[in-house]
Amino acid sequence: MKSTKTITTAENISKQSPLQPVFRHNVEDAAQLYSGSEILLKTLVDLGVDTIFGYPGGAVLPIYDTLFGNTDLRHFLIRHEQAGTHAADGYSRATGKPGVVLATSGPGGTNTVTGIATAMMDSIPLVVLTGQVPTSVIGNDAFQEADIVGITRPITKQNYLVRDVNNLEHVLKEAFHIATHGRPGPVLVDLPKDMLNTKGKYAGLDNNVDIPSFKPTLYGHHPQIAKAAEMLSNAKKPLIYVGGGAILGQAWEEVTAMAERLNIPVTTTLMGLGAFPESKPQSLGMLGMHGTWFANMAMTECDVLIAVGARFDDRVTGRLNGFSLNSRKIHIDIDPSCIGKNVDVEVPIVGDVKHVVPAIDKLASPPKIDKWWATIRKWQKEHPLVVPKADDKIYPQHMVKMISEVTNGNAIVVTDVGQHQMWAAQHYQFNHPRSWISSGGLGTMGYGFPAAMGAALACPDRDVVCITGDGGFQMSSYELATAVEYKIPVKIALMNNNCLGMVRQWQQLFFNKRYSYSVFGSNNPDFVKMAECYGCVGLRAENPKELKEALDKAMAIKDAPVLMDIRVVEEENCYPMVPSGAALYEMVESDEEAAK
Amino acid sequence: MSSTVIIKQPKHTLSVLVKHNLNTLSRIIGIFSSKGFELDSVTFASEAEPGMARMTITTRGDEKTVEQINKHLYNVVDVLKVINLTHKKSIERELAIIKVSTAKAGRPEIMLIAQAFKAKVIDITSDKLALEVTGNTDKVDAMIEVLKPYGIVAMSRTGSVALKREFQGAVNIN
């Protein structure tokens, strides 16, 4: 069997329906018995899996033996299971398909934990396969034994310990179904070694498993939809607030259609970037702690707020008792527990944004909001995103803007966590969905580079730029070996300010400039040499001219990773900023304002 | 002297139908610890239907909190049904076994109290009595309060088990 591979480009991404795995049935095999490892691989192929990130070890040796010479799926040997989990996560965010990672028992499993928690917080469908010691010794503190089902229980949507090889196919299909349906999330399947060796049945079951206790609500309650439409039609100052749910639910076209037809301003969360093109006049960019001034003010002043697949995270709302106090709120979410959790809403709609948004759009008429638009345009003119004046130094904001220009806003941008992440979110112009990959909820440093590898392997025809920092990159720099081995053309734009920028910024503003353990200074490695020792291209840029040259050179390399050590202004701070504990409208735009 | 007045949040009884496995039980308990919800008592045992279990959970919180608990319970894949019995007519029972010392007052007085609560004597030794009492939680609480001065040696309570009454009409037959 050949694995099917769809090439993803910025243009065709919306035409794919990646949450539905490819159907393939091998019913002719029904009577035969297979080893657990064979059943595992057959089932993965059934489910449309074409890529696994993994690392071998004692408990999963039977799987690796079955993988030997197998051409049905691609296995990538990462250098650390945490990076493998992030890579599977990046693969999933770029395509919408579930990411798959394979690790051995004990430390293999525990190394995946940060990656699983990252996926859980951002609702990313992952299936994590871990080896386990044989069932006969489970609980005996056997070599490389860890209760990974227990450890990952709070950070998975569901998890399983397989105790009967005849049940393996069903468990795997259930795992994929749960990971990809409703609010997506990671699912872990723990595979004891004896289950992999024992022979059992493979039935070629339907991929669409029926689980009576798991039936997510897809279509919203009609009277609520009608009420939402009526509220939007009569609004004086409406605002659409779009979250990651619009990307996960593939509702970017529906959201864009509604916002354009009703001509209502749109702000996206960090996770929602790309769900509404920032080139459109309705776009106010990102809101929240480092959102645009006008998006945060629009949120504060609006009279009708419609939240589309967003969860009113604390980084978005700021101080809750100062958050959008005058608005009537509509909240669409597929997960009922997200509704009314942080903010009370008048019209809760539990359902799939893909169905609910067009239903509202159909019933609503464009509100008369010329005055509201005039106010917003005035805000935009008076409080644009601040960019320092150009000189012979590289300012982080300019660096992101240059990457945006060089890639025409068409690249997949993957980041780590911190200042560079916020600057990338602010200054890269996102016009396509699934083009922004970042650890939003958990804020996992070390996420960027491995996730970028996953995205690049998923979308070989797209440019993948990993905007990272000197802190975050060093948490997973060892993956350069993997990127070189498999010729993964990730362009690493390392924003090097020789410190943990966001920590340093907070220490400057809130801890009286006591820079406690946040400055690397000259203790950072020579990143160009580091790149070269792994066998990949290393470039350095110390001024805007060198940066342009480095970027042009990097973009031309299509068969190898490139690491650009970009020396930026070290003491630059990220603004606007809503200080911790402040309301959105109390945001500051400069060091001077912050000092007050 | 300062005294803290602890205002207890209203009690809620949830009847939860789940798949009978330990992972589900752990996940449900995990919600209460990780999300910081209160948990007064919990029972877990097989249902009539094979492979299913019924849990009775008593918790405390305002309406908003209980609504969140309800939603989080439904998010557990193996949860089939959650019924909040608080505003429904329900039948609720708890069983307790209480060992009381007879040193202070002698057997007859304690047995008289047991009789008043329709409790049974299930074990007698020279200086102790073991009583079995069944009823709703308030009744069990009340009996324990009465017995405390005599010296409760040990005690084991099951926590509430509850079901919805079939008849939900206006007439209160409780």
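Residues numbered from 1 in each chain as written. Chains lettered and ligands numbered in written order. Predicted model: local features only at pLDDT ≥ 70, side-chain atom pairs only at ≥ 80, totals over all residues.

### Some thoughts on the overall build of chain A
The cut-off we apply is this: Comment: elements are numbered from the N terminus, with helices defined as DSSP H or I runs of at least four residues and strands as E runs of at least two. Only the C-alpha atoms count toward the radius of gyration. The rule for a globule is 2.2 Å times the residue count to the power 0.38. The exposure scheme places C-beta atoms from the backbone and then counts, for each residue, the other C-beta atoms within 10 Å of its own, assigning buried at 20 or more, exposed at 12 or fewer, and partly exposed in between.
Regarding its fold elements, chain A presents 24 helices and 20 strands. Relative to a compact globule of 596 residues, whose C-alpha radius of gyration would be 25 Å, chain A shows 24 Å and is just as compact. Viewed in the frame of its principal axes, chain A has a C-alpha envelope of about 70 × 60 × 45 Å. Split into buried and exposed, the 596 residues of chain A put 57% on the buried side.

### A look at the domain arrangement of chain A
Residue and element names in this part refer to chain A. To keep things clear, this is the line we draw: Per the annotation, domain bounds derive from an automatic or database assignment of domains. Here the contact rule is simple: place C-beta atoms from the backbone, and any two residues whose C-beta atoms are within 7 Å are in contact. Throughout this entry, Asp, Glu, Lys and Arg are counted as charged residues, while Ala, Val, Leu, Ile, Met, Phe, Trp, Tyr, Cys and Pro are counted as nonpolar. The remaining residues, Gly among them, count as polar.
Under the domain assignment, chain A is made up of domain 1 (13-201), domain 2 (222-382) and domain 3 (396-574). A straight line from the C-alpha centre of domain 2 to that of domain 3 covers 30 Å. The interface is formed by 13 residues belonging to domain 2 together with 14 residues belonging to domain 3. Partitioning the side of domain 2 that touches domain 3 into residue classes produces eight nonpolar, four polar and one charged.

### Observations regarding the packing of helix 11 (residues 252-262) of chain A against helix 14 (residues 353-363) of chain A
All names here are of chain A. Here is the rule we go by: Axis geometry follows a simple rule: fit a line to the C-alpha atoms, using only the stretch in contact for helices, then measure angles between N-to-C directions, giving values from 0 to 180 degrees. Any angle that falls under 35 degrees is termed roughly parallel, while one over 145 is termed roughly antiparallel, one within 65 to 115 roughly perpendicular, and all others oblique. By convention, the crossing between two helices is left-handed when the near helix turns anticlockwise from the far helix through less than a right angle, and right-handed when the turn is clockwise.
Orientation of helix 11 relative to helix 14, taken along the N-to-C sense of each, is 20 degrees, at an axis distance of 9 Å. It follows from the interaxial angle that helix 11 and helix 14 lie roughly parallel. By crossing handedness, the relation of helix 11 to helix 14 is classed as left-handed. On the side of helix 11, the interface is formed by E254, V255, A257, M258 and R261, while helix 14 contributes K354, V357, P358, I360 and D361. Partitioned by chemical class, the residues of the contact of helix 11 with helix 14 number six nonpolar, no polar and four charged.

### Regarding the nonpolar core
A general feature of soluble globular proteins is that nonpolar side chains tend to end up buried together. Which entries qualify depends on this criterion: Only buried Ala, Val, Leu, Ile, Met, Phe, Trp, Tyr and Cys residues enter a nonpolar core, and they are joined through C-beta atoms within 7 Å.
In this structure, V189, V255, V308, A455 and M564 of chain A are the most contacted members of the largest nonpolar core, which totals 195 residues. Residue contributions to this core peak at eight residues, all from helix 18 (residues 448-458) of chain A. The residues touching V189 of chain A, leaving out its near neighbours within four places in the chain, are V127, L129, Y160, V162, V171, L172 and A175 of chain A. Listed in part, the twelve residues of the second largest apolar core include V100, L131, V133 and M143 of chain B.

### Some thoughts on the pairing of strand 3 (residues 74-77) of chain A
Residue and element names in this part refer to chain A. Selection rule: Whether two strands pair comes down to DSSP finding at least two bridges between them. A crossover gets the label right-handed when its path from the first strand over the helix to the second runs clockwise, viewed with the strands pointing away from the viewer.
In terms of strand pairing, strand 2 (residues 51-54) meets strand 3 through four bridges, oriented parallel. Bridge pairing in strand 3 places G54 opposite L77. Since strand 2 and strand 3 lie parallel, the crossover through helix 2 (residues 61-67) that links them has a hand, and here it is right-handed.

### Structural notes on the sheet that holds strand 19 (residues 537-541) of chain A
Residues and elements named next belong to chain A. Overall, parallel pairing links the six strands, which are arranged 16-15-17-18-20-19 in an open sheet. The outermost strands of the open sheet, each flanked by one partner alone, are strand 16 (436-437) and strand 19. As paired strands, strand 15 (residues 412-415) and strand 16 are joined by two bridges and run parallel to one another. Bridge pairing links V413 to W436 in strand 16. Sitting on the sheet, helix 23 (residues 544-556) is in contact with strand 18 (490-496), strand 19 and strand 20 (562-567), with an inclination near 160 degrees to strand 19.

### A few points about the domain arrangement of chain B
Residue and element names in this part refer to chain B. Once the domains are mapped, chain B shows domain 1 (11-84) and domain 2 (90-163). Between domain 1 and domain 2, the C-alpha centre-to-centre distance is 28 Å. Put simply, the parts of the chain that give the side of domain 1 that touches domain 2 at least two residues each are strand 1 (11-19), strand 2 (41-46) and strand 3 (52-60).

### Structural notes on the interface of chain B and chain A
Of the residues lining the interface, 17 residues belong to chain B; the matching set on chain A comes to 14 residues. Contributing elements (two or more residues each) for the side of chain B that touches chain A: helix 1 (22-34), helix 2 (63-75) and strand 4 (79-84) of chain B. Residues belonging to the side of chain B that touches chain A are distributed by class as follows: four nonpolar, seven polar and six charged.

### Some words on helix 12 (residues 293-301) of chain A
What sets the pattern is the α-helix's 3.6 residues per turn: residues three or four places apart point alike. Residues and elements named next belong to chain A. Burial of helix 12 is extensive: eight of the nine residues sit out of reach of the surface. Residues of helix 12 that are buried: W293, F294, A295, N296, M297, A298, M299 and T300. Where the residues of helix 12 are buried, they touch strand 9 (238-242), strand 10 (266-268), strand 11 (283-286) and helix 15 (370-382).

### A short note on the sheet that holds strand 4 (residues 99-103) of chain A
Residue and element names in this part refer to chain A. The sheet built from six strands is open, its strands ordered 3-2-4-5-7-6 with parallel pairing. Looking at the sheet topology across the chains shown, the edges are occupied by strand 3 and strand 6 (158-161). Averaged over all pairs of adjacent strands, the angle between strand axes in this sheet comes to 20 degrees, irrespective of strand direction. Helix 5 (residues 113-121) rests against strand 5 (126-132) and strand 7 (186-192) of the sheet, and its axis sits at about 145 degrees to strand 7. Together, strand 5, strand 6 and strand 7 form the strand contacts of helix 7 (residues 168-180), whose direction differs from that of strand 7 by roughly 165 degrees.

### Remarks on the packing of helix 16 (residues 396-406) of chain A against helix 17 (residues 419-427) of chain A
Residues and elements named next belong to chain A. Following both chains from N to C, one finds helix 16 and helix 17 inclined at 50 degrees, their axes separated by 9 Å at the closest point. Judged by the angle between their axes, helix 16 and helix 17 are oblique. Read as a crossing pair, helix 16 and helix 17 show a hand that is right-handed. On the side of helix 16, the interface is formed by P396, Q397, V400, K401 and S404, while helix 17 contributes Q419, H420, W423, A424 and H427. Tallied by class, the residues present in the contact of helix 16 with helix 17 amount to four nonpolar, five polar and one charged.

### What about the environment of Q9 of chain B?
All names here are of chain B. The residue Q9 is located in the segment before strand 1 in this model. On the neighbour-count criterion, Q9 (12 C-beta atoms within 10 Å) is exposed. Linking Q9 and E63, residues 54 residues apart in sequence, is a C-alpha distance of 9.8 Å.

### Quick look at the confidence of the model for chain B
For the record, the criterion: Confidence scores labelled pLDDT are given residue by residue by the predictor and lie between 0 and 100.
Across chain B, pLDDT averages 91, with 93% of residues at or above 70. For this predicted complex, the interface confidence reaches an ipTM of 0.86, while the overall pTM sits at 0.92.

### A word on the pairing of strand 19 of chain A
Residue and element names in this part refer to chain A. Bridge analysis of strand 19 against strand 20 gives five bridges, and the strand direction is parallel. Bridging across to strand 20, L539 finds its partner in M564. On the question of chirality, the crossover connecting strand 19 to the parallel strand 20 by way of helix 23 is right-handed.

### Some details on unusual backbone geometry
Residue and element names in this part refer to chain A. A cis geometry characterises the amide bond from Y575 onward to P576, with omega recorded as -5 degrees. Its location among the elements puts P576 in the loop between strand 20 and helix 24 (591-595). Notably, F312 is not glycine yet its phi reads approximately 50 degrees, a positive angle. In this structure, F312 sits in the loop between strand 12 (304-308) and helix 13 (314-317).

### Here we look at the confidence of the model for chain A
Residues and elements named next belong to chain A. Of the residues in chain A, 95% have a pLDDT of 70 or more, and the chain-wide mean is 94. Here residues 1-6 is modelled with pLDDT under 50, and outside its nearest four sequence neighbours on either side it reaches eight contacts, counting other chains as well. Across residues 13-24 the pLDDT falls below 50, and counting only partners more than four positions away or on other chains, this stretch makes 22 contacts in the model.

### Describing the environment of G204 of chain A
All names here are of chain A. As for its placement among the helices and strands, G204 is situated in the loop between strand 8 (199-201) and helix 9 (222-233). Classification of G204 as partly exposed rests on a count of 16 C-beta atoms within 10 Å. Along the chain, G204 and N408 lie 204 residues apart, while their C-alpha atoms are 45 Å from each other.

### Here we look at the environment of L40 of chain A
With respect to the helices and strands, L40 of chain A occurs in helix 1 (residues 36-46). Apart from residues no more than four positions distant in its own chain, L40 of chain A is found in contact with I63, L168 and L172 of chain A.

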